[in-house]
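# Summary of structural features
Residue strings, one per chain:
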Amino acid sequence: MMKLKTALTSVALAGSIAAVSTPAMARDTINIVGSSTVYPFATVVAERFGRNTDFPTPKLESTGSGGGLKLFCEGVGTQHPDITNASRRMKPGEFENCQSNGVEKITEVRIGADGIVIANSRDAEKLDLTLKQVFLALAKEVPDPDGGDELVPNPYEKWSEIDSSLPDFEISVMGPPPTSGTRDAFVEIAMQGGCKQYDFIKNMDKSEMKSVCHAMREDGPFIEAGENDNLIVQRLAQDPQTLGIFGYSFLMENTGQIQAASVNGVEPTPEAISSEDYPVARSLWFYVKNAHVGVVPGIKEYIAEFTSESAWGDNGYLVDVGLIPLPRDQRMKTAKRARNLEPMTGNEL
């Protein structure tokens, strides 16, 4: 009788989804999109999940945080993703977009921390950069080098022109596109942190300051490398004068080829990232479409695997690929909310 009841419940859930969405073929594999930074962690979890359970290995696609949230929020139904990964928190506008498209119940899961590193080849000089120097190297407009409270198109071509202690070679930095959560976090933490060193910019109204601080230069020194961080690593290994911006996990995977600069004198270590002593640290997340639970098999079980101590705990297997765990008490609270599929209200954002 219980099995019959469960089957009827699943049928009813599937029917409710079909009623509010474009007809689509049913599927038995979890569909996950989103952040390229969270992708390596989610891949490890998915592979173990597929190997150790009776469910198929989830399908993952690296679309960037913004791209993943856009796909996730387009609607309910098996033609839409079940889960999206993000290397930044969902924005209020994205939550509202989900709601307007019928994606009403969403469970938010904060999985840990990550640092954004600025790295170069191990064959090159190890750098110690400040946030101010990073801003001056990569911003579209910067304060006039001749003085005064005016902004001018970025004139700096070499690092040594910014500070004589820096290398005397051309500024060439590869980084993620605007759809990437790493890009969002980098401009909000690193670029804005350096930008606000100037009082006249800090005193601008919020929208004006943001437009100045977040605008990356488009004249060549900053190169958008797409969502594939491995391409940046390959370029750095080949060119000692190019720098790259990506998540700490990719540094961990490629320590034989690349090294990270210290920022404001702080090395990106797990301890410094977890304590946020490292200036460019951020949290990582995934979001679950609750309406798909019970329709696409295995979602609750996948959440349980990701939030298990064997995965994201202090000695879990995700630590081996670069995840910085949350403190234990936070993990316990987050795991309970995730497994109970507690929906967001929007007030968290």
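Residues numbered from 1 in each chain as written. Predicted model: local features only at pLDDT ≥ 70, side-chain atom pairs only at ≥ 80, totals over all residues. Heavy atoms only, no water.

### Considering the layout of surface pockets
If you add up the space inside the largest pocket, you get close to 380 Å³. Along the walls of the largest pocket sit 14 residues, with Lys91, Val187, Glu188, Lys210 and His214 positioned nearest its centre. Those elements that place two or more of their residues in the lining of the largest pocket are α7 (181-195) and α9 (206-214). Considering each element in turn, the lining of the largest pocket owes the most residues, five residues, to α7. Mapped onto the domain boundaries, the lining of the largest pocket takes at least three residues apiece from domain 1 (31-114 + 282-348) and domain 2 (115-281). (1 Å grid on protein atoms, 1.4 Å probe; cavity = no way out; pocket = protein on both sides within 12 Å on 5 of 7 lines; lining within 4 Å. Points joined across faces, edges and corners; volume = space filled by probe spheres on them. Helix = DSSP H or I, 4+ residues; strand = E, 2+ residues; numbered from the N terminus. Domains from an automatic or database assignment.)

### Digging into the packing of aromatic side chains
As enumerated under the stated definition, the model contains six aromatic pairs in all. Ring centres of Phe49 and Phe55 lie 5.6 Å apart, and the angle between their planes is 5°; on these two criteria the pair is classed as stacked. Between Phe49 and Tyr302, the ring centres sit 5.9 Å apart and the planes meet at 90°, which makes this aromatic pair edge-to-face. Here Tyr302 lies in helix α13 (residues 299-306) and Phe49 lies in helix α2 (residues 39-52), a separation of 253 residues in the sequence. Grouping aromatic residues by their ring pairs yields a cluster made of Phe49, Phe55, Phe286, Tyr302 and Phe306. The ring of Tyr198 carries Lys132 above its face, with NZ or CZ at 4.8 Å from the centroid. Over the ring of Phe72 we find Lys289, and its NZ or CZ is 4.7 Å from the ring centre. (Phe/Tyr/Trp six-rings, centres within 6.5 Å; stacked < 30°, edge-to-face > 60°. Lys NZ or Arg CZ within 6 Å of the ring centre and 35° of its normal.)

### Examining the pairing of strand β1 (residues 31-34)
Residues Asn31 and Val33 line one face of β1 and the alternating positions Ile32 and Gly34 line the opposite face, and both faces are buried. Both β1 and strand β2 (residues 59-60) contribute to a ladder of two bridges, which runs parallel. Counted as the bridge partner of Asn31 is Lys59 from β2. As a crossover connection, the stretch from β1 through α2 into β2 is right-handed. Bridge count for β1 against strand β3 (residues 83-86) is three bridges, and the pairing is parallel. Note on β3: the bridge partner recorded for Ile32 is Ile83. (Buried < 20%, exposed > 50% of the residue type's maximum accessible area, 1.4 Å probe, protein only. Pairing = 2+ DSSP bridges. Right-handed = clockwise from strand over helix to strand, strands pointing away.)

### What about the confidence of the model for the chain?
Considering every residue of the chain, the mean pLDDT works out to 91; 93% of them sit at 70 or more. pLDDT under 50 marks residues 1-24. Its contacts with residues more than four places away, or in other chains, come to 18 contacts. (pLDDT = per-residue confidence, 0-100. Contact = heavy atoms within 4.5 Å.)

### Remarks on the domain arrangement of the chain
How large an interface is tends to be reported as the accessible area lost when its parts come together. According to the domain assignment, the chain contains domain 1 (31-114 + 282-348) and domain 2 (115-281). Computed from C-alpha coordinates alone, the two centres of domain 1 and domain 2 are separated by 28 Å. At the junction of the two partners, domain 1 supplies 20 residues and domain 2 supplies 22 residues. The three residues of domain 1 that bury the most area against domain 2 are Asp114, Arg282 and Ile324, which together make up 37% of that side's buried surface. Notably, a salt bridge pairs Asp184 with Lys91, separated by 3.9 Å at the nearest N-O pair. The tally of links between domain 1 and domain 2 comes to eight residue pairs in polar contact (both at pLDDT 80 or more). With three residues, the single largest contributor to the side of domain 1 that touches domain 2 is helix α3 (residues 65-72). (Buried area = accessible area lost by both parts, 1.4 Å probe. Salt bridge = Lys/Arg side-chain N within 4 Å of Asp/Glu carboxyl O. Polar contact = N/O pair within 3.5 Å; in protein donor to acceptor, adjacent residues only side chain to side chain.)

### Here we look at the environment of Ile162
Counting through the fold element by element, Ile162 comes out in helix α6 (residues 159-162). For the pair Ile162 and Thr29, spaced 133 residues apart in sequence, the C-alpha separation works out to 51 Å. Those residues in contact with Ile162 that sit more than four places away from it in its chain are Gln133, Leu136, Ala137, Tyr156 and Ile171.

### Some remarks on unusual backbone geometry
The backbone of Asn264 sits at a positive phi, close to 55°, despite the residue not being glycine. Among the structural elements, Asn264 can be located in the loop between β12 (262-263) and α12 (270-274). Located in the positive-phi region is Leu341, a residue other than glycine, with phi close to 55°.

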